[in-house]
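Observations on the model geometry
Single-letter residue listing:
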Amino acid sequence: MKLLIINPGSTSTKISVYEDENPIFDQDLHHEMSELAVFEKITDQYDFRKKVILDALKEAGIAIESLDAIVDRGGLLKPLAGGTYRINEAIVRDLRNGVQGEHASNLGGLIAYEIGEQIGKPAFVVDPVVVDELDPISRISGHPWLERRSVFHALNQKAIARQYCREVGKAYQDVSVIVAHLGGGISVGIHHKGRVIDVSNALHGEGPFTPERSGALPVGELAALCFSGTKTLPEIKKALTGQGGIVAYLGSNDVKAMVEKAQTDPEAKNIIDAMIYQISKEIAAVSTAVNGKVNAILLTGGLAFGKYITQGITDRVGFIAEVRVYPGGHEQLALAQGALRVLKGEEEAKVYE
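Residues numbered from 1 in each chain as written. Predicted model: local features only at pLDDT ≥ 70, side-chain atom pairs only at ≥ 80, totals over all residues. Heavy atoms only, no water.

Details of the sheet that holds strand 2 (residues 12-19)
- Ordered in space as 3-2-1-4-6-5, the six strands form an open sheet in which the pairing is mixed. On the outer flanks of this sheet lie strand 3 (22-30) and strand 5 (84-86), each paired with one strand and no other. Strand-to-strand twist across the sheet, computed as the mean angle between neighbouring axes with direction ignored, equals 20°.
- In this sheet, strand 4 (residues 69-72) lies alongside strand 1 (residues 2-8) in parallel orientation, the contact comprising four bridges. Counterpart to isoleucine 5 in the pairing with strand 4 is valine 71. (Pairing = 2+ DSSP bridges. Helix = DSSP H or I, 4+ residues; strand = E, 2+ residues; numbered from the N terminus. Axes fitted to C-alpha atoms, helices over the stretch in contact; angles between N-to-C directions.)

Have a look at this one:
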């Protein structure tokens, strides 16, 4: 099976071509801010991004007619259960209308669908960020005005959980594992019998602080700050996501450099250690969802390359379960695997309505 994988980001579009689970082409297409500035809305970038993708494939000598399927990471759709969805008119409608907001990832599904329609092949989305499998009890926030939401690194988390299951010879539906995705954003989820029954909202102010996000803040002080007249709403939003966490304390979101700095700088060490501490607290907290009966704790994402961080977490949570480390992101392969499970008849494609 030959698969085109499309994974759009805010200033780049990562594309790959896989033959089964083997990559034969991989390219990160960077877009200059000057190129994107001419577009008023993200959806206006559609023709530009599609042309860049098709031009890159043509230059690599890959005919779109040779593809068996097109796979996209999915965008801000309505909350849905994890799995592989064949892109249909309902998905196209909600991505185009931005049913949960605008994001560059919305473009991927639209492009994948059109290419698939052009060559008569299926297009899929796999485990988008809006995967929502929370138990009812985990939705309760503490006040009926607000309900906890599931927004996390679903694609990579589920891929790593499945990889662990293959290594130990167990089915994903038969284990309870905690997966901590450690990157610019950090999400910690408990995977129980094939569902992520609780997870920190990686985007909207839950869980540990990260290289550039504030995580959970003291809510009383935050509420007072919002109405103090000293900060605007855009400033507050940037403090929560983009200019919070390590970059707010140390002026840089380069964690590798900050860990090196921590060897001689007590302030840097204190902040890095505090992030490790908060990640560990989140892991321990979510273990209570299964009464502490956890098969393994899996650390993944870009920060998992750092031994100082992974060892610091392991030292604090190793009493709960075995800790395994899977550095980096695995999104392109995870997207290919999600489509292959459907194409090979191992599972049925889900229907989005």
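The rest of the description comes next.
Overview of a negative patch on the surface
- The grouping of Glu19, Asp20, Glu21 and Glu346 at the surface amounts to a negative patch.
- With respect to the secondary-structure elements, glutamate 19 resides in strand 2.
- Since its relative accessible area comes to 39%, glutamate 19 is described here as partly exposed. (Patch = residues over 30% accessible without salt bridge, like charges linked within 9 Å, V, L, I, M, F, W, Y side chains within 5 Å. Areas by Shrake-Rupley, 256 points an atom, 1.4 Å probe, with all protein chains shown as cover. Salt bridge = Lys/Arg side-chain N within 4 Å of Asp/Glu carboxyl O. Lys, Arg positive; Asp, Glu negative; His and termini not counted. Charge placed at Lys NZ, Arg CZ, Asp CG, Glu CD. Buried < 20%, exposed > 50% of the residue type's maximum accessible area, 1.4 Å probe, protein only.)

Points about the pairing of strand 7 (residues 140-143)
- Pairing of strand 7 with strand 8 (residues 146-147), which is carried by two bridges, proceeds in the antiparallel orientation. Bridge pairing in strand 8 links histidine 143 to leucine 146.

Thoughts on the pairing of strand 11 (residues 195-199)
- Across the five residues of strand 11, four count as buried, placing the element largely inside the fold.
- Where strand 10 (residues 186-192) lies against strand 11, four bridges are found, and the strand directions are antiparallel. Counterpart to glycine 189 in the pairing with strand 11 is valine 199.
- If you look at the hairpin formed by strand 10 and strand 11, you'll find two residues sitting between the two strands, and lysine 193 has a positive phi there, around 55°.

As for unusual backbone geometry
- The backbone phi angle of aspartate 127 is positive, close to 40°, even though this residue is not glycine.
- Within the secondary structure layout, aspartate 127 lies in the loop between strand 6 (123-126) and helix 5 (136-139).
- Located in the positive-phi region is asparagine 291, a residue other than glycine, with phi close to 55°.

Quick notes on the side chain of arginine 49
- In this structure, arginine 49 sits in helix 2 (residues 46-59).
- There is a polar contact of 2.9 Å between the side chain of arginine 49 and the side chain of threonine 13.
- If we skip the residues at most four places from it in the chain, arginine 49 touches Pro8, Gly9, Ser10, Ser12, Thr13, His31, Leu36, Ala104, Leu107 and Ile111. (Polar contact = N/O pair within 3.5 Å; in protein donor to acceptor, adjacent residues only side chain to side chain. Contact = heavy atoms within 4.5 Å.)

Quick word on helix 10 (residues 255-262)
- All buried positions along helix 10 are accounted for by Val255, Met258, Val259 and Ala262. The buried residues of helix 10 occupy one face: seen down the axis, they fall within an arc of 105°. Opposite the buried face of helix 10, by more than 90 degrees, sit the exposed residues Lys256 and Glu260.
- By the N-cap criterion, in which a side-chain oxygen at the helix start approaches the backbone nitrogen of a residue two or three places on, helix 10 is capped by aspartate 254, the distance to lysine 256 being 3.3 Å. (Arc of directions from axis to C-beta.)

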